[in-house]
Amino acid sequence: MTFDPQTLRAAFGRFLTGVTVVTTRGADGTAYGFTANSFTSVSMDPPLVLVCPGKFLSSFDVFANCSHFAINILAEGQEDVANTFAGYKGDRFARVTWSDDIHGIPVIDGAIAQFSCSTHHIMPAGDHIVLMGQVRDFSQRDALGLGYSAGRFFSLGMERDAATAHPNTPQIAGAIIEYDGKILMQRSHDFWSLPQVETTPDTSARQNLMALCDTLGLGAKLGKVFSIYTDRASGRRYTYIQAHATTAPPDSAGTLIPIADLDQIKVASPAHSAMLARYAIERATGHFNLYVGYDHSGDIHSHDERP
Ligand SMILES: Cc1cc2nc3c(=O)[nH]c(=O)nc-3n(C[C@H](O)[C@H](O)[C@H](O)COP(=O)(O)O)c2cc1C
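Parameters and conventions
Residues numbered from 1 in each chain as written. Predicted model: local features only at pLDDT ≥ 70, side-chain atom pairs only at ≥ 80, totals over all residues. Heavy atoms only, no water. Helix = DSSP H or I, 4+ residues; strand = E, 2+ residues; numbered from the N terminus. Buried < 20%, exposed > 50% of the residue type's maximum accessible area, 1.4 Å probe, protein only. Contact = heavy atoms within 4.5 Å. Areas by Shrake-Rupley, 256 points an atom, 1.4 Å probe, with all protein chains shown as cover. Pairing = 2+ DSSP bridges. Axes fitted to C-alpha atoms, helices over the stretch in contact; angles between N-to-C directions. Phe/Tyr/Trp six-rings, centres within 6.5 Å; stacked < 30°, edge-to-face > 60°. Lys NZ or Arg CZ within 6 Å of the ring centre and 35° of its normal. Core = buried A, V, L, I, M, F, W, Y, C linked by side-chain atoms within 4.5 Å. Salt bridge = Lys/Arg side-chain N within 4 Å of Asp/Glu carboxyl O. Near = heavy atom within 4 Å. Polar contact = N/O pair within 3.5 Å; in protein donor to acceptor, adjacent residues only side chain to side chain.

(A) Structural view of the overall build of the protein chain. Along its length, the protein chain carries six helices and 21 strands. Oriented by its inertia axes, the alpha-carbon framework of the protein chain measures out at about 70 × 45 × 35 Å. Across the 307 residues of the protein chain, 39% fall into the buried class. Intrachain contacts of the protein chain at a sequence separation of at least 6 include 63% that bridge at least 24 residues. Carbon and sulfur atoms make up 54% of the accessible area of the protein chain, which amounts to about 16900 Å² in all.

Structure, rendered in structure tokens:
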């Protein structure tokens, strides 16, 4: 019986996994690595683990012949590492920090567990091989892993925090108010920030922002939500909504900064600078997306996406 490969891949992908990066060195010492979710711990005595490299990998021959390799279990927030080792065609190791393990195999900083293995057994398995390793050394730390399901990364921390968010945690609503190719920013001490307000219970971010615009003497039309994120340190949730000023904002409302100069100003947090940088890029393409997540990691959703 033949199966439709796409449907079969989707069915396999229903299995929730973590994400690892498998690393080794070639005979000339070159470092190789690829992202894998086929990792399984197999045996305690002896300690065995396995992973399945595909024959499609450009590094397949190296892994199929390696005497030692390492498995790095990625932490939540290491999506960029996973993406690098899944798709980047240049020097993947130049994009991460790493060190050599006891066998001289690169292990990736920030991983929540690292297993240094000698090759125990290699078994052909269709268009993959089963690469089984005996664990010769390992390290681990108490942190949450990066998850993967149905073709998307997810973070347990995010799910848990969302489920346990305290109802009294203050929420902040902010507006990215554009006028004449410029964004309205407000200065407080050394830092610039978007006009924003702590929201009151039982009112929406939009209602609070409309009231803020009134207070600032601004005629503004609110548009799409641009970003929703939780600040991990404070637990505060921030919602930023796009807006257009219908008339020139009064001086007392803030300063208009050209979009092209937004990367020159000092803003209150890295989350803000990342958000403004994305705004500048998306303004240029005219296609705005929605960010949902945490201050340091999250997902970008197209407004056109349908569930
Ligand atoms: C979450 C995730 C899990 C993956 N798991 C595996 C795997 O178990 N085995 C495998 O061969 N490729 C896996 N891949 C694909 C490889 O990482 C990818 O094809 C490889 O890095 C391409 O490297 P290359 O450009 O050197 O061929 C996975 C990719 C992702 C994003």
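(B) View of the sheet that holds strand E9 (residues 113-125). The seven strands lie next to each other as E3-E2-E6-E9-E10-E5-E4, forming an open sheet whose pairing is antiparallel. At either end of the open sheet lies a strand with only one pairing partner, and these are strand E3 (31-36) and strand E4 (40-43). Taking the axes of each pair of neighbouring strands and ignoring which way they run, one obtains an average angle of 35 degrees across the sheet. Helix H3 (residues 79-87) contacts strand E2 (20-25) and E3 of the sheet and is inclined by roughly 115 degrees relative to E3.

(C) Region of the structure containing the packing of aromatic side chains. Applying the stated criterion to the full structure yields 12 aromatic pairs. Measuring from ring centre to ring centre gives 4.9 Å for Phe-34 and Phe-63, while their planes differ by 85 degrees; the resulting arrangement is edge-to-face. Taken together, the positions of Phe-34 in strand E3 and Phe-63 in helix H2 (residues 60-64) put the pair 29 residues apart, joining distant regions of the chain. Just as Phe-34 is buried, Phe-63 falls in that class too. Aromatic rings pair up to connect Phe-39, Phe-115 and Phe-138 into one cluster. Stacked on the ring of Tyr-88, the Lys or Arg Arg-95 has its end atom at 3.5 Å from the ring centre. Seen from the ring of Tyr-294, Arg-232 lies directly overhead, with NZ or CZ sitting 4.4 Å from the centre.

(D) Molecular detail of the nonpolar core. Grouped together as the largest cluster of nonpolar side chains are 21 residues, with contacts concentrated most on Ile-183, Met-185, Leu-194 and Leu-262. Broken down by secondary-structure element, the contributors of at least two residues to this core are strand E13 (171-179), strand E14 (182-188), strand E17 (220-230), strand E18 (237-245) and helix H6 (270-285). Every residue in contact with Met-185, bar those within four places of it in the chain, is listed here: Trp-192, Ser-193, Leu-194, Gly-254, Thr-255, Ile-257, Leu-262, Ile-265, Val-267 and Leu-276. Leu-57, Phe-63, Ala-75 and Phe-115 belong to the second-largest nonpolar core, a separate cluster that totals 20 residues.

(E) Expanded view of the sheet that holds strand E1 (residues 17-18). If you walk across this open sheet you meet the three strands as E1-E11-E12, and the pairing is antiparallel. Each of the sheet's edge strands pairs with one partner strand only, and the pair in question is E1 and strand E12 (152-155).

(F) Examining unusual backbone geometry more closely. The amide bond that connects Asp-45 to the next residue, Pro-46, takes the cis arrangement and shows omega of 0 degrees. With respect to the helices and strands, the residue Pro-46 is situated in the loop between E4 and strand E5 (48-51). Phi is positive for Ala-150, close to 50 degrees, though the residue is something other than glycine. Here Ala-150 shows up in the loop between strand E11 (146-149) and E12. We note that His-189 has phi near 55 degrees; this positive angle belongs to a residue other than glycine.

(G) Spotlight on the pattern of salt bridges. For the structure shown, the criterion picks out six salt bridges. Taking the shortest distance from any N to any O, the salt bridge between Lys-182 and Asp-180 comes out at 4.0 Å.

(H) Focus on the site of the ligand. Residues in contact with the ligand amount to 16 residues; listed here are only the nearest, Ser-38, Gly-54, Ser-58, Phe-85 and Lys-89. Side-chain polar atom of Ser-58 to an oxygen atom of the ligand: 2.5 Å apart, as the coordinates give it. Contact between the ligand and Phe-85: an oxygen atom at 2.7 Å from a main-chain N or O atom of the residue. Taken by itself the ligand offers 650 Å² of open surface, and the protein chains cover 83% of this. Every element with two or more residues in the shell around the ligand is listed here: E3 and H3. Ranked by residues supplied to the shell around the ligand, first place goes to E3 with three residues.

(I) Broad picture of the pairing of strand E20 (residues 289-294). With five of its six residues buried, E20 lies for the most part within the structure. As paired elements, E17 and E20 share four bridges and run parallel to each other. Paired with Ser-227 across the two strands is Tyr-291, which belongs to E20. Both E20 and strand E21 (residues 298-302) contribute to a ladder of five bridges, which runs antiparallel. Note on E21: the bridge partner recorded for Val-292 is Asp-299. Linking E20 back to E21 in an antiparallel pair, the connection comprises three residues.

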